[in-house]
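Structural overview
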Amino acid sequence: MNIKKIVDKVRDEAETLKGEQTKNLTYSSEHIYSNERTAAHAFLRAKAKLFAVNDWSNMPSPTSTFELFDNHGRARHSDKLLVGDYIRIELPLPGTLPANWVRVIDIHVTDTEAEFTVVPCANPQPGQTDETAPIEHFFGPDSNSTFRVERRGNRLLACEIGRNERVNNQDETAGNRGTLNTLIAAGGWAFFQKVQWKNLTEYLVHL
């Protein structure tokens, strides 16, 4: 990489961390099974694991803590995911950090594919949310993540697709979390996000 490319990369990172640019990142894993029958069985298992969000907390470390809540912000212990559900994510980082919240906006399932999409949101718990409530996530409200498992013949694929990932550090959406969100996002993009989502995609494709 020449000097100009290095300078441009540093400049782009600086603009991103100011909340002025977005990133699109995808993390994926693949496993090839001996035949389609075995792969079809593995897909059904992967689909079950995909929607059992509470169980993601039990993946090998390091991993965040994932908790499922219904559309009224009440804890829900279920292997079934619904549009309108919320997920609270607590990062395994030193110190006491605020939780990050996302809302499920879409679920899609076919015979060979299953996925759901989430967006950052305000805290949905009773007494916490009003029309001016800040987004309780280090990414802004235009960001989204899609979690997918897919079978292609005897291949099983899993991915996390992040789109329009923008640091949530603007006063109108971040509340008093702007500086903290910048620090978390910087650490997430640099290291932890890659580890977390690669951990998840490997968990999904293997029996």
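Bringing the overall build of the chain into the picture now. Regarding its fold elements, the chain presents four helices and seven strands. Helices and strands in the chain line up, N terminus first, as α-β-α-β-β-β-β-β-β-α-α. Burial status across the chain gives 45% buried among its 207 residues. For the chain, the proportion of contacts with a sequence separation of at least 24, taken over those separated by at least 6, is 61%. Accessible surface, the chain as shown: approximately 11,000 Å² in total, 51% of it carbon and sulfur.

A word on the pattern of salt bridges. Inspection of every chain in the model, using the stated rule, returns ten salt bridges. Asp 85 serves as the salt-bridge partner of Arg 76, at 2.3 Å between the closest nitrogen and oxygen. Note on Asp 85: relative accessible area 3%, which makes it buried. In this structure, Arg 148 and Glu 115 form a salt bridge, with 2.5 Å as the shortest nitrogen-oxygen distance. Placement of the pair is Arg 148 in strand β6 (residues 144-152) and Glu 115 in strand β5 (residues 113-120), with a sequence separation of 33 residues.

Counting residues in each nonpolar core, the largest one holds 36 residues, and the members touching the most others are Leu 50, Trp 56, Ile 87, Phe 116, Phe 147 and Val 149. For this core, the secondary structure elements donating two or more residues are α2 (36-51), β2 (65-69), β3 (86-90), β4 (100-109), β5, β6, β7 (155-165) and α4 (178-205). Considering every element that reaches this core, the biggest residue donor is α4, with seven residues. Core analysis: the next-biggest nonpolar cluster, separate from the first, contains five residues, Tyr 86, Ala 99, Trp 101 and Cys 121 among them.

Moving on, we come to the sheet that holds strand β1 (residues 23-32). Pairing in this open sheet of seven strands is antiparallel, and the strands run β1-β7-β6-β5-β4-β3-β2 from one edge to the other. Two strands close off the open sheet at either side, each with one partner strand: β1 and β2. Sheet twist, expressed as the average angle between the axes of neighbouring strands with direction ignored, equals 20 degrees. Pairing of β6 with β7, which is carried by nine bridges, proceeds in the antiparallel orientation. Residue pairing for β7: Thr 146 is matched across the bridge by Ile 161. Helix-sheet contacts for α2 involve β4, β5, β6 and β7, and the interaxial angle to β6 is about 160 degrees.

To continue, consider the pairing of β5. For β5, a buried count of eight out of eight residues is recorded, marking the element as mostly surrounded by other parts of the structure. The alternating pattern of β5 places Glu 113, Glu 115, Thr 117 and Val 119 on one face and Ala 114, Phe 116, Val 118 and Pro 120 on the opposite face, and all of these are buried. Bridging between β4 and β5 involves seven bridges; their strand directions are antiparallel. For Val 102, the partnering residue across the bridge sits in β5 and is Pro 120. Alignment of β5 against β6, held across six bridges, turns out to be antiparallel. Bridge assignment links Ala 114 to a residue of β6, and that residue is Val 149.

Evaluated as defined, the whole model comprises nine aromatic pairs. Seen from the ring of Tyr 203, Lys 49 lies directly overhead, with NZ or CZ sitting 4.6 Å from the centre.

When you tally the buried positions in β7, you get eight out of eleven residues, the bulk of the element. Hairpin connection from β6 to β7: two residues lie between these consecutive antiparallel strands, with Gly 153 at a positive phi of about 65 degrees.

Basis of the calculations
- Residues numbered from 1 in each chain as written.
- Predicted model: local features only at pLDDT ≥ 70, side-chain atom pairs only at ≥ 80, totals over all residues.
- Heavy atoms only, no water.
- Helix = DSSP H or I, 4+ residues; strand = E, 2+ residues; numbered from the N terminus.
- Buried < 20%, exposed > 50% of the residue type's maximum accessible area, 1.4 Å probe, protein only.
- Contact = heavy atoms within 4.5 Å.
- Areas by Shrake-Rupley, 256 points an atom, 1.4 Å probe, with all protein chains shown as cover.
- Salt bridge = Lys/Arg side-chain N within 4 Å of Asp/Glu carboxyl O.
- Core = buried A, V, L, I, M, F, W, Y, C linked by side-chain atoms within 4.5 Å.
- Pairing = 2+ DSSP bridges.
- Axes fitted to C-alpha atoms, helices over the stretch in contact; angles between N-to-C directions.
- Phe/Tyr/Trp six-rings, centres within 6.5 Å; stacked < 30°, edge-to-face > 60°.
- Lys NZ or Arg CZ within 6 Å of the ring centre and 35° of its normal.

In short, geometric facts, not functional conclusions.
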